[in-house]
Amino acid sequence: RNQKLFKVLCYDSTSWVKENFVPSVKAFNEHRKDLDVQMDYTQDRLDSKTAKFAAGYDAVCLFVNDTADMETLWVLSMCGIKLIAMRCAGFDRVDVKACKTLGMAIARVPAYSPYAVAEHAIALLMSVNRRIVQASTRVGMSDFTLDSSLMGMDIHGKTVGVSL
């Protein structure tokens, strides 16, 4: 097959990133005849010192704690990077003007599911109300006592809302 190889270095990668990306990249490659994406992973966060790891790649994939300021982007540009792919909705840690000056494109997640955000907010509310972290800590120490410091309140009959 006559395919163009497109190499991506994924910064700040945890095991769940690999677990989710590997099958998706494989499926993508199986369906595309003209492009073969090779994604490599590093646990390092992007900054001006780790940007050089991207030498030989076409793009980098970043997350919320990676820093893409002018200095870092310049190093990436010298490494040949043409695309910054964010795996989050925000790009406040990316110097957009510098990207434009250096001829780099930026892609990001346009939005998250409003249902997932609302459901997570409710899960956090319930966790705080029922003091799940404190209870889990006690169980981890083999302390199974129940006292008033672990008591929450019933949500039944109360109004709870999430505004998007």
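What this report covers is the structure whose coordinates are included nearby. Everything numeric here is computed off the predicted structure, so don't read it as measured data.

Calculation rules
Residues numbered from 1 in each chain as written. Predicted model: local features only at pLDDT ≥ 70, side-chain atom pairs only at ≥ 80, totals over all residues. Heavy atoms only, no water. Pairing = 2+ DSSP bridges. Helix = DSSP H or I, 4+ residues; strand = E, 2+ residues; numbered from the N terminus. Axes fitted to C-alpha atoms, helices over the stretch in contact; angles between N-to-C directions. Contact = heavy atoms within 4.5 Å. Patch = residues over 30% accessible without salt bridge, like charges linked within 9 Å, V, L, I, M, F, W, Y side chains within 5 Å. Areas by Shrake-Rupley, 256 points an atom, 1.4 Å probe, with all protein chains shown as cover. Salt bridge = Lys/Arg side-chain N within 4 Å of Asp/Glu carboxyl O. Buried < 20%, exposed > 50% of the residue type's maximum accessible area, 1.4 Å probe, protein only. Polar contact = N/O pair within 3.5 Å; in protein donor to acceptor, adjacent residues only side chain to side chain.

Here we come to the sheet that holds strand S4 (residues 83–86). Sheet architecture is open: 5 strands sit in the order S2-S1-S3-S4-S5, paired in parallel fashion. Looking at the sheet topology across the chains shown, the edges are occupied by strand S2 (35–41) and strand S5 (105–107). Across the sheet, the axes of successive neighbouring strands diverge by a mean angle of 25 degrees, strand direction being ignored. Both strand S1 (residues 4–10) and S2 contribute to a ladder of 7 bridges, which runs parallel. The residue bridging Leu-9 from the neighbouring strand is Asp-40, located in S2. Across the sheet, helix H1 (residues 15–31) touches S1, S2 and strand S3 (59–62), and the angle it forms with S2 is around 165 degrees.

A cluster of nonpolar side chains, contributed by Ile-122, Leu-125, Met-126 and Val-160, occupies part of the molecular surface with about 270 Å² of accessible area. By secondary structure assignment, the location of Leu-125 is in helix H4 (residues 114–129). Among the residues examined, Leu-125 registers a relative accessible area of 33% and is labelled partly exposed.

Topologically, Arg-93 is positioned in the loop between S4 and helix H3 (96–102). The class of Arg-93 is partly exposed, set by a relative accessible area of 35%. In sequence terms Arg-93 and Ala-68 are 25 residues apart; their C-alpha atoms lie 5.9 Å from each other. In contact with Arg-93, not counting residues within four places along its chain, are Val-64, Asn-65, Asp-66, Thr-67, Ala-68 and Asp-69. Only 3.4 Å separates the side chain of Arg-93 from the backbone oxygen of Val-64, close enough to count as a polar contact. A polar contact of 3.1 Å, which involves the side chain of Arg-93, links it to the backbone oxygen of Asp-66.

On to helix H2 (residues 70–78). Within H2, burial applies to Thr-72, Leu-73, Val-75, Leu-76 and Ser-77. Where the residues of H2 are buried, they touch S3, S4 and H3. Following H2 by one or two positions, Gly-80 has its phi on the positive side, about 95 degrees.

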